[in-house]
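Each chain, written out:
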Amino acid sequence: MRYVIIGGSAAAISAVEAIRSVDKASPIDLFSDEATPLFSRVLLPYYVAEELPKSMLNFRSADFFDQNTITAHLGVRVTRISPESKTVQTANGDHIPYDKLLLATGGKPIVPAIPGVEKEGVSTLKTMEDAERVYTMKGTKAVVIGAGSIGVESAISLKRRGMKVTLLEMLGHVLPTAFDEEAASIIKKRIEELGIEVLTGEKAVRFKGNGRVQGVVTDTREIPCDMVVLSVGIKPAVELAAQIGAETGSYGGIKIDSHMKTSLPDIYAAGDVVETHDIARGTPFVNAIWPCAFEQGTIAGLNMAGKETRYEGSFRRNSIGNFIGIPAISMGLTYADACTDCAEGDRFQEIKRRTKNT
């Protein structure tokens, strides 16, 4: 048996461990287009905030690949998969055969088509390269666009670096997919207490600057800045899957069955790139979070190695308490209208207990 894994983050690494728990000897080739291995993406804001050195971002030891007898191709991009010949082709022209293949290509940040988005000083925060870029940017004023969890954490990271930070969200409140408006108002107040300006219901329409960003123009004002961090969402990186005709779902992720198999023989998928059964919704959904990626990678690896294991599904959960300094957790669905499998006559009940800060 020969395994090939495309990806190097949570789903890929947990799949390696699962395969090795069953199959100790068969060759495994792992390809990651990132040159820096084994780092936790969820810790990147701590690196930007200068609270963790790069050496502390790793979620596995530096000898992980040697310990598990993995041939790791780091900084190597797979450009083509040939299901007929069961090979993958890399950007430098190498062809590697496989018996079982895992697509763990993750998600990629959405870059909105805002005029001036290509200017120097505008960056996402998803990869180590992104983190290095943000970390080394010069200036005293930053704008973070998008107040999801990554955006909130990015804003706080830059504030801790001593910058003047504006957090801009075009929807009506911060963390709009994780919390309702009342809970979000508590979090917004806490973010503002940290010294960050929070603007909601406001949309960026243009980036100003001559080559380098110098300001963000919204639909109501202009905000001077030296840098911009984009945090408007993640979409599944399905380019390789689409190239070979793997079936995708209505949310843009690769469709898989309960054993993490795609629609193509001997090709599996796991992590932020897939749609899985959402336990709370009762329908497929992309739950692009670290714990789900680890769970799915484990299930995929076990099945690839011949140990039949079912995946029961995923559900969304968000926790940003470490960054804002108060516990803030959500799980499942935060809006009743997201429940798509409701029967006629079903009711929703809201149970709430309010104190000053909860």
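Everything that follows concerns the structure shown earlier in this document.
Residues numbered from 1 in each chain as written. Predicted model: local features only at pLDDT ≥ 70, side-chain atom pairs only at ≥ 80, totals over all residues. Heavy atoms only, no water.

A. View of helix α6 (residues 181-193). The terminal C-alpha atoms of α6 lie 18 Å apart, and with 13 residues this matches the ideal 18 Å at 1.5 Å per residue to within 8%. Within α6 the residues assigned to the buried category are Ala-184, Ile-186, Ile-187 and Ile-191. Along the axis of α6, the buried residues cluster in a sector spanning 155 degrees; they form a single face. Of the surrounding secondary structure, the elements contacted by the buried residues of α6 are α5 (149-160), β11 (164-169), β12 (197-200) and α9 (321-324). (Helix = DSSP H or I, 4+ residues; strand = E, 2+ residues; numbered from the N terminus. Expected span 1.5 Å × (residues − 1). Buried < 20%, exposed > 50% of the residue type's maximum accessible area, 1.4 Å probe, protein only. Arc of directions from axis to C-beta. Contact = heavy atoms within 4.5 Å.)

B. Summary view of unusual backbone geometry. Despite not being glycine, Leu-175 shows a phi value in the positive range, around 45 degrees. Assignment of secondary structure puts Leu-175 in the loop between β11 and α6.

C. Local environment of the nonpolar core. Ile-5, Ile-6, Ile-81, Val-88, Leu-102 and Ile-254 are the most contacted members of the largest nonpolar core, which totals 51 residues. For this core, the element with the most residues is helix α1 (residues 10-22), which contributes 7 residues. Within the second largest apolar cluster, 36 residues are counted, among which are Ala-131, Val-144, Val-152 and Val-165. (Core = buried A, V, L, I, M, F, W, Y, C linked by side-chain atoms within 4.5 Å.)

D. Main features of the pairing of strand β2 (residues 28-32). Taking burial as the measure, the 5 residues of β2 include 5 buried ones, the bulk of the element. With burial as the criterion, each face of β2 is covered, one bearing Ile-28, Leu-30 and Ser-32 and the other bearing Asp-29 and Phe-31. In terms of strand pairing, strand β1 (residues 3-6) meets β2 through 4 bridges, oriented parallel. Paired with Val-4 across the two strands is Asp-29, which belongs to β2. For the crossover that starts at β1, traverses α1 and ends in the parallel β2, the hand is right-handed. Inspection of the sheet shows β2 paired to strand β3 (residues 70-74) by 5 bridges, in the parallel sense. (Pairing = 2+ DSSP bridges. Right-handed = clockwise from strand over helix to strand, strands pointing away.)

E. Highlighting the layout of surface pockets. The volume enclosed by the second largest pocket comes to roughly 970 Å³. Taken together, the elements giving at least two residues each to the lining of the second largest pocket come down to α6 and β23 (329-331). For the lining of the second largest pocket, a count of residues per class yields 15 nonpolar, 5 polar and 6 charged. (1 Å grid on protein atoms, 1.4 Å probe; cavity = no way out; pocket = protein on both sides within 12 Å on 5 of 7 lines; lining within 4 Å. Points joined across faces, edges and corners; volume = space filled by probe spheres on them. Nonpolar A, V, L, I, M, F, W, Y, C, P; charged D, E, K, R; others polar.)

F. View of the sheet that holds strand β15 (residues 222-224). The strand order across the open sheet built from 3 strands is β13-β14-β15, with neighbouring strands paired in antiparallel fashion. For this open sheet the edge positions go to β13 (204-208) and β15, each flanked by a neighbour on one side alone. Neighbouring strand axes in the sheet, compared pairwise and without regard to direction, differ in orientation by 20 degrees on average. Where β13 and strand β14 (residues 215-218) come together, 4 bridges link them in antiparallel fashion. Paired with Ala-204 across the two strands is Thr-218, which belongs to β14. (Axes fitted to C-alpha atoms, helices over the stretch in contact; angles between N-to-C directions.)

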